[in-house]
Amino acid sequence: MENDKHHQTIKRLHWYILVLILAFIGLAWMIFNNQYDFASKFKDLNLIKDISDQSGFNRKSKGSISIKSKEDLRRYRVGQPINLQVFADSVGEDIISFDVIVEYDKQAFSEPVITTSLPRYIIVTSGRDDYISITAAQSPGSDERSVFDGNEVLNMTFNSLKPGNYEIKIVSKKGEETTGFISTSSQSLLPQTSTFKVEIY
């Protein structure tokens, strides 16, 4: 009799341990999924970019964004760094973030190094098949005004890999992503874009 009771107690204890293990695994899985989802969203796009893609967001064509060589050159040797400046004009609008889509031949150029001299701006980049998506946004709590008046907003350094004639283009749209500004009045501005043509020898 005592052996039977002892056996039942051990069996019940095993069931309790199994239930606790399953509960722990379930909790760990939920935490992992939430952390992964947050990290992946931050890596691809930041919160401001997600908001700009909402259907209710007010959009209109306004402003411009252009690209030119810092060295004022159109011909570069293979392996020579190509420093490109991106200039923006927001036509008097105060900007809190902007997105730039740069299309280029990945067989001819390495992925560029992207920097900005804008104070208190954070940059997030995402490499795609034939372009790179760039999001720049003011740091939380920043009170800097960002009315772009033809000033430099980004610097991109490419390394050329093979000779030929190529284009590095800022494009208006690729898939669901667009080049544009987000103003402090929650307006999405779609600027005119430009192309940089270059010969590599």
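Residues numbered from 1 in each chain as written. Predicted model: local features only at pLDDT ≥ 70, side-chain atom pairs only at ≥ 80, totals over all residues. Heavy atoms only, no water.

Which parts of the structure should I look at to understand the overall build of the chain?
Per the secondary structure count, the chain includes two helices and 13 strands. Sorting the 201 residues of the chain into buried and exposed places 38% on the buried side. Counting only contacts in the chain whose residues sit at least 6 apart along the sequence, the fraction spanning at least 24 positions is 76%. (Helix = DSSP H or I, 4+ residues; strand = E, 2+ residues; numbered from the N terminus. Buried < 20%, exposed > 50% of the residue type's maximum accessible area, 1.4 Å probe, protein only. Contact = heavy atoms within 4.5 Å.)

Explain the side chain of Ser-146 here, please?
Tracing the chain through its elements places Ser-146 in the loop between β6 (131-138) and β7 (147-159). Leaving out residues up to four positions away in the same chain, Ser-146 has contacts with Ser-90, Glu-93, Asp-94, Ile-95, Tyr-121 and Gln-138.

Honestly, the environment of Lys-60 in this entry has me stumped. Any pointers?
Mapping Lys-60 onto the fold places it in strand β1 (residues 58-69). The exposure class of Lys-60 is partly exposed, given its relative accessible area of 36%. Measuring from C-alpha to C-alpha, the distance between Lys-60 and Leu-189 comes to 5.3 Å, with 129 residues separating the pair along the chain. Setting aside chain neighbours within four positions, we find Lys-60 in contact with Gln-187, Ser-188, Leu-189 and Leu-190.

Even after reading the chapter, I still don't get unusual backbone geometry, so can you show me in this structure?
Comment: phi is negative for the bulk of residues other than glycine, and the bulk of peptide bonds are trans. In this model, Asp-72 sits at a positive phi of 60°, which is unusual for a non-glycine residue. We note that Ser-186 has phi near 60°; this positive angle belongs to a residue other than glycine. Take Ser-186: it is sitting in the loop between β11 (180-183) and β12 (187-192).

When you look at the pairing of strand β8 (residues 164-171) in this model, what are you seeing that I'm missing?
For a regular strand, the rule is simple: side chains alternate between the two faces of the sheet. Where strand β3 (residues 81-103) lies against β8, three bridges are found, and the strand directions are antiparallel. Across the sheet, Glu-103 pairs through a bridge with Lys-169, a residue of β8. Where β8 meets strand β13 (residues 195-200), six bridges bridge the pair, whose relative direction is antiparallel. Its bridge partner being in β13, Asn-165 is matched across the sheet by Glu-199. (Pairing = 2+ DSSP bridges.)

Would you mind going over the pairing of β11 with me for this structure?
Here β11 shows a buried face lined by Gly-180 and Ile-182 and a second buried face lined by Phe-181 and Ser-183. Pairing between β3 and β11: four bridges, direction antiparallel. Looking at the pairing, Ser-97 lines up with Ile-182 of β11. Bridge count for β11 against β12 is two bridges, and the pairing is antiparallel. If you follow Phe-181 over to β12, its bridge partner there is Leu-189. Here β11 folds back onto β12, and the loop between the two strands holds three residues, one of which, Ser-186, carries a positive phi near 60°.

Would you explain the packing of aromatic side chains in this entry?
Any aromatic ring pair is given by two values, namely how distant the centres are and how the planes are angled relative to each other. Inspection of every chain in the model, using the stated rule, returns six aromatic pairs. With 5.4 Å between their ring centres and 75° between their planes, Phe-109 and Tyr-166 make a pair best called edge-to-face. Of this pair, Phe-109 sits in the loop between β3 and β4 (113-115) while Tyr-166 sits in strand β8, and the two are 57 residues apart along the sequence. The exposure class of Tyr-166 is buried, given its relative accessible area of 13%. (Phe/Tyr/Trp six-rings, centres within 6.5 Å; stacked < 30°, edge-to-face > 60°.)

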